[in-house]
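Listed below are the residues making up each chain.
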Amino acid sequence: MTRTATMHRATAETDIAVEVNLDGTGRADVATGIGFFDHMLDAFARHSRIDLAVRVAGDLQVDGHHSVEDAGIVIGQALGAALGDKAGITRFGSAFVPMDEALVLAALDISGRGQLHWAVEVPFGMVGDFDTQLAREFFIALAANAGITLHMRQLAGDNVHHILEAAFKACGRALRAAVAIDGALAGEVPSTKGTL
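Residues numbered from 1 in each chain as written. Predicted model: local features only at pLDDT ≥ 70, side-chain atom pairs only at ≥ 80, totals over all residues. Heavy atoms only, no water.

J.: Explain the environment of valine 74 here, please?
T.: Mapping valine 74 onto the fold places it in helix 2 (residues 65-83). Looking at valine 74, the relative accessible area reads 0%, which means it is buried. Considered as a pair, valine 74 and isoleucine 16 are 58 residues apart in the sequence and their alpha carbons are 7.2 Å apart. (Helix = DSSP H or I, 4+ residues; strand = E, 2+ residues; numbered from the N terminus. Buried < 20%, exposed > 50% of the residue type's maximum accessible area, 1.4 Å probe, protein only.)

Right under this line is the structure:
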């Protein structure tokens, strides 16, 4: 069974292509035009062990909002497509990730009901060329389009770079656990409803 997907989305604001392989090695090939965002997606791929290729051509002359949010949409769509009927997956995953003084928890359920519950205190500002407010927008779009219930909680942290990096890594590690195949399920969908 190949758990891969390719997605393309073009609007008047962005043109985005994404490829994912849920059973990869964490290889990232990312070019969004926003250096810090590339760094975060690379960390997300490495810690999820999902191969991720992302190409974004966006209206950066405006700002990074459309590029980051739309990347979340397309990555989420690709993850959902690669999961297929979700037969045999572990479904739930969680991870605490410390990054120096920062500590972030991500807990998720591949439920089919995409939603984000965000309790991460990210001061307004810029990290390199990345608007810190856009991290939340990315995770909203990712969760909604992948059909994931995602909880993100900051337990400690002062440095914005550390907080955001811990968040992306924690989400990646939680997703790694949730998409893993559980041999005990013998290919069944892990739900009393029989579908996710």
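Once the structure has been displayed, the description carries forward.
J.: Could you clarify how one ought to interpret the packing of helix 1 (residues 35-48) against helix 4 (residues 160-179) in this entry?
T.: Geometrically, a packed helix pair is captured by the angle between its two axes and the distance between the axes. Their axes nearest at 7 Å, the elements helix 1 and helix 4 cross at an angle of 35°. Between helix 1 and helix 4 lies a crossing whose hand is right-handed. Across from Phe36, Phe37, His39, Met40, Leu41, Ala43, Phe44, His47 and Ser48 in helix 1, the residues of helix 4 making contact are His161, Leu164, Glu165, Phe168, Lys169, Cys171, Gly172, Arg173, Leu175 and Arg176. Within the contact of helix 1 with helix 4, the residues separate by chemical class into 10 nonpolar, five polar and four charged. (Axes fitted to C-alpha atoms, helices over the stretch in contact; angles between N-to-C directions. Left-handed = near helix turned anticlockwise from the far one by under 90°. Contact = heavy atoms within 4.5 Å. Nonpolar A, V, L, I, M, F, W, Y, C, P; charged D, E, K, R; others polar.)

J.: So what exactly am I meant to see when it comes to helix 3 (residues 134-146) here?
T.: Note on helix geometry: an α-helix contains 3.6 residues per turn, so any two residues three or four positions apart are oriented the same way. Taking 1.5 Å of rise per residue, the 13 residues of helix 3 would be expected to cover 18 Å, and the 18 Å separating its terminal C-alpha atoms lies within 8% of that figure. Buried within helix 3 we find Leu134, Ala135, Phe138, Phe139, Ala141, Leu142, Ala143 and Ala146. Turning to helix 3, the residues buried within the fold contact helix 1, helix 2, strand 7 (115-119), strand 9 (130-131), strand 10 (149-156) and helix 4. Glycine 147, located one to two residues past helix 3, shows a positive phi value of around 75°. (Expected span 1.5 Å × (residues − 1).)

J.: Help me out: how do you make sense of unusual backbone geometry in this one?
T.: Among all residues except glycine, the phi angle is most often negative; among peptide bonds, the trans geometry is most common. Phi angles above zero are rare outside glycine, and arginine 91 is one such case at about 85°. Here arginine 91 is to be found in the loop between helix 2 and strand 5 (92-99). On the accessibility criterion, arginine 91 (9% relative accessible area) is buried. Phi at aspartate 100 is positive, roughly 55°, even though this residue is not glycine.

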